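Here is how the chains run, residue by residue.
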Amino acid sequence: MGGNRANPRGCGAALANVSRWQERRGGISLNDISDRPLIVLRAGRGGLSGTDEAGRPIRLSAAGGQGGYATGQPSFGWSPFSPGCSVYYGQSERCAETWDMTAPRLAPGQTATVRIVYPANLRQSPSLGARILALIPVDACIIADSCARQGDGAQWCRMHWSGFTGYVVKTFERDGRRQILFSNGCGPG
């Protein structure tokens, strides 16, 4: 089998089925005993971070500043609820609320008004590689009429703004910092 043995003892239920870890481009995957990836963690500021299958944040950091993922030494410390934010509220230093970390659930024909909290590219299709139609400024309140998780795990909502209809991703990572691009409501931020 590929990968390295992992011992998730003491890490909580989210990691109970992890048996192996394997280096991936930009991070690692935590795999079950059959080597099926359960969680993919990406490299960022101070460690690796991602979410489990239930969407709960997980962070992996070097234990005591020695070893760690950067050196390949097995001296990791798990911190599913580490100090600091796993997801920030836009460009602020404030943590995003749990209810705001996922896109709104919309039934067919239902809409939601959302507030842009980080300058957001409105894209032609739900992909970071898709053509940009417009840049939506912070504090714009816009209508979302459908939201869905894509094959890569990212959540995208179809939105209408300034005569354009396109897609905005819910969370975005830049320089190792994950943040929401829009809040699931249009009240004061």
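The sections below set out a description of the structure shown in this document. (Residues numbered from 1 in each chain as written. Predicted model: local features only at pLDDT ≥ 70, side-chain atom pairs only at ≥ 80, totals over all residues. Heavy atoms only, no water.)

**Side note on the overall build of the protein chain**
What counts here: We count a stretch as a helix when DSSP gives it H or I for four or more residues in a row; a strand needs E for two or more, and each element gets its number in order from the N terminus. Burial classification: accessible surface area is computed with a 1.4 Å probe over protein chains only, and a residue below 20% of its type maximum counts as buried, one above 50% as exposed, and the rest as partly exposed. Any two residues whose heavy atoms approach within 4.5 Å at even a single point are treated as in contact. In this description, accessible areas are obtained by the Shrake-Rupley approach with a 1.4 Å probe, and a residue is regarded as covered only by the protein chains that are shown.
Each helix and strand in the protein chain was counted, giving zero helices and 17 strands. Looking at the protein chain residue by residue over its 189 residues, the buried ones come to 35%. Here the analysis covers contacts within the protein chain between residues at least 6 apart in sequence; of these, 42% occur between residues at least 24 apart. Split by element, the accessible area of the protein chain, about 10600 Å² in all, is 49% carbon and sulfur.

**Here's the deal with the pattern of salt bridges**
Put simply, the rule reads: When a carboxyl oxygen of Asp or Glu is within 4 Å of a side-chain nitrogen of Lys or Arg, the pair counts as a salt bridge.
Scanning the model with the defined rule gives four salt bridges in all. Between Arg177 and Glu93 there is a salt bridge whose closest N-O contact spans 3.2 Å. Of this pair, Arg177 sits in strand E16 (residues 177–180) while Glu93 sits in the loop between strand E8 (88–89) and strand E9 (112–116), placing them 84 residues apart in sequence. Given the relative accessible area of 11%, Arg177 is considered buried.

**Overview of the environment of Pro37**
Among the structural elements, Pro37 can be located in strand E4 (residues 37–44). Not counting residues up to four positions away in its chain, the partners in contact with Pro37 are Arg24, Ser29, Leu30 and Asn31.

**Focus: the sheet that holds E16**
For clarity, the cut-off: Strand pairing requires that DSSP identify at least two bridges connecting the strands.
The mixed open sheet is built from three strands, whose spatial order is E8-E16-E15. In this open sheet, the two edge strands, each paired with only one partner strand, are E8 and strand E15 (171–174).

**Brief notes about unusual backbone geometry**
Of note, Asp139 is a non-glycine position whose phi angle comes to about 80 degrees, a positive value. Residue position: Asp139 is located in the loop between strand E11 (132–136) and strand E12 (141–149). The exposed category is assigned to Asp139, whose relative accessible area is 51%. If you check the backbone angles, Ser162 has positive phi at about 50 degrees while not being a glycine.

**Regarding the packing of aromatic side chains**
Inclusion rule: Planes of paired rings set the category: under 30 degrees apart is stacked, over 60 is edge-to-face and the rest tilted, where pairs are Phe, Tyr or Trp rings (Trp by its six-membered ring) whose centres lie within 6.5 Å. Here, a charge over a ring means that NZ of Lys or CZ of Arg falls within 6 Å of the ring centre while also lying within 35 degrees of the ring normal.
Tallied over the entire structure, the rule returns zero aromatic pairs. Across from the ring centre of Tyr89, 3.9 Å away, lies the NZ or CZ of Arg94, which sits over that ring. The positively charged end of Arg177 is found above the aromatic ring belonging to Tyr88, 3.7 Å away from the centroid.

**Points about the nonpolar core**
As a reminder of what qualifies: Side-chain atoms within 4.5 Å link the members of a nonpolar core, which is a set of buried Ala, Val, Leu, Ile, Met, Phe, Trp, Tyr and Cys residues.
One finds Ile116, Ile136, Ile142, Met159, Val168, Leu181 and Phe182 to be the most contacted residues of the largest nonpolar core, which totals 18 residues. Here this core gets three residues from one element, more than from any other, and that element is strand E13 (residues 155–161). Ile28, Leu38, Leu48 and Ile58 belong to the second largest nonpolar core, which has nine residues in total.

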